[in-house]
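Spelled out from the first residue to the last, the chains are:
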Amino acid sequence: MTVQLLSPEGMPQPVPYHHVAVGTGARQVHVSGQISRGPDGTPLAPDDLAGQVAQALRNTATGLAGAGATFRDVVRLTFYVTHWAPEKIDAFMAGVESVATELDLPTPMPPASLIGVEYLFMPDVLVEVEATAVLD
């Protein structure tokens, strides 16, 4: 599978993600919204946005691996963050950066959206991550 990540001239720079991903392959992998929970469902990193971002990305990596994919195959990431405010960006990015090497997360990341929401399905969930990958 080949994923080409692009940030064409004329698009806003710098951003922590690429604006465009071109994936060539025959199989798509969609990882549902992952949160900061351990394998047994135990909440991890309560009240810690950076910690929850890191764990949600770890869980996303586990889902990708289950389908034979890695973050290098990802063409799209979507982050949902409760009670989003611009001053939370440093904590959010700290969570991403804390696992970037561990998970071989490309930097800049694949095309990504960060969507502020009022509430996710449980009151302790601060962030949810979804991923789409393309494989041969």
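The structure presented is a predicted model; accordingly, all values stated were derived computationally and were not measured.

**Q** Tell me about the overall build of the protein, residues and numbers included.
**A** A count of helical and extended segments in the protein gives 2 helices and 6 strands. Listing each helix as α and each strand as β along the protein from the N terminus yields β-β-β-α-β-α-β-β. Computed over C-alpha atoms, the radius of gyration of the protein comes to 15 Å, within 12% of the 14 Å expected from 2.2 N^0.38 for 136 residues, which places it in the range of a compact globule. Along the longest, intermediate and shortest principal axes, the C-alpha atoms of the protein span 40 × 35 × 25 Å. Each of the 136 residues in the protein was classed as buried or not, and the buried ones make up 43%. Considering only contacts within the protein whose residues lie at least 6 apart along the sequence, 74% involve residues at least 24 apart. Looking at the protein as shown, the accessible area adds up to about 7000 Å², and 55% of this sits on carbon and sulfur atoms. If you average the places of the 6 positive and of the 15 negative side-chain charges in the protein, the two averages end up 5 Å apart.

**Q** I'd love a proper account of helix 2 (residues 89-99), names of residues and values included.
**A** Looking only at helix 2, the buried set comprises F92, M93, G95, V96 and V99. The buried residues of helix 2 occupy an angular sector of 150 degrees when the element is viewed end-on, so they sit on one face. What points out from helix 2, more than 90 degrees from its buried face, is the exposed set D90 and E97. Structurally, helix 2 contributes buried residues whose contacts are with helix 1 (49-66), strand 4 (74-82) and strand 5 (112-117).

**Q** Residue-level account of the side chain of T60, with values.
**A** Within the secondary structure, T60 sits in helix 1. In this structure T60 comes out as buried when scored by relative accessible area, which is 0%. If we ignore the near neighbours within four places in the chain, the residues touching T60 are V31, Q34, F71, V129 and A131.

**Q** Run through the pattern of salt bridges, naming residues and quoting values.
**A** If the charged atoms of two oppositely charged side chains come close together, the side chains can form a pair. In the structure shown here, the tally under the stated rule is 3 salt bridges. Across the salt bridge formed by D124 and R37, the nearest N and O atoms sit 2.7 Å from each other. Linking D124 in the loop between strand 5 and strand 6 (127-135) with R37 in the loop between strand 3 (27-34) and helix 1, this pair joins segments that are 87 residues apart in sequence. Residue classification places D124 among the partly exposed positions, given a relative accessible area of 26%.

**Q** Describe in detail the sheet that holds strand 3, supporting the description with residues and values.
**A** Strand order across the open sheet formed by 4 strands is 3-6-4-5, with mixed pairing between neighbours. At either margin of the open sheet sits one strand with a lone partner, and together these are strand 3 and strand 5. Strand-to-strand twist across the sheet, computed as the mean angle between neighbouring axes with direction ignored, equals 10 degrees. Summarising the sheet, strand 4 and strand 6 pair through 7 bridges and their orientation is antiparallel. The residue bridging V81 from the neighbouring strand is V127, located in strand 6. Relative to strand 6, helix 1 is tilted by about 30 degrees, and along the sheet it contacts strand 3, strand 4 and strand 6.

**Q** Give me the nonpolar core: which residues, what numbers.
**A** A general tendency of soluble globular proteins is for nonpolar side chains to be buried together. Residues L57, L64, F71, L77, F79 and F92 are the most contacted members of the largest nonpolar core, which totals 30 residues. Elements that contribute at least two residues to this core include exactly strand 3, helix 1, strand 4, helix 2 and strand 6. Examining the composition of this core, we find that 7 residues originate from one element, helix 1, more than from any other. Once you skip the residues sitting within four places of it in the chain, F79 turns out to touch L57, F92, M109, A112, S113, L114, I115, E128 and V129.

**Q** How would you explain the side chain of N59 if you had to name every residue and give the values?
**A** For N59, the location among the structural elements is in helix 1. The class of N59 is buried, set by a relative accessible area of 16%. When sequence neighbours within four positions are dropped, the list of residues in contact with N59 reads Q34, I35 and R37.

The rules behind the values
- Residues numbered from 1 in each chain as written.
- Predicted model: local features only at pLDDT ≥ 70, side-chain atom pairs only at ≥ 80, totals over all residues.
- Heavy atoms only, no water.
- Helix = DSSP H or I, 4+ residues; strand = E, 2+ residues; numbered from the N terminus.
- Rg over C-alpha atoms; globule rule 2.2 N^0.38 Å.
- Buried < 20%, exposed > 50% of the residue type's maximum accessible area, 1.4 Å probe, protein only.
- Contact = heavy atoms within 4.5 Å.
- Areas by Shrake-Rupley, 256 points an atom, 1.4 Å probe, with all protein chains shown as cover.
- Lys, Arg positive; Asp, Glu negative; His and termini not counted.
- Charge placed at Lys NZ, Arg CZ, Asp CG, Glu CD.
- Arc of directions from axis to C-beta.
- Salt bridge = Lys/Arg side-chain N within 4 Å of Asp/Glu carboxyl O.
- Pairing = 2+ DSSP bridges.
- Axes fitted to C-alpha atoms, helices over the stretch in contact; angles between N-to-C directions.
- Core = buried A, V, L, I, M, F, W, Y, C linked by side-chain atoms within 4.5 Å.

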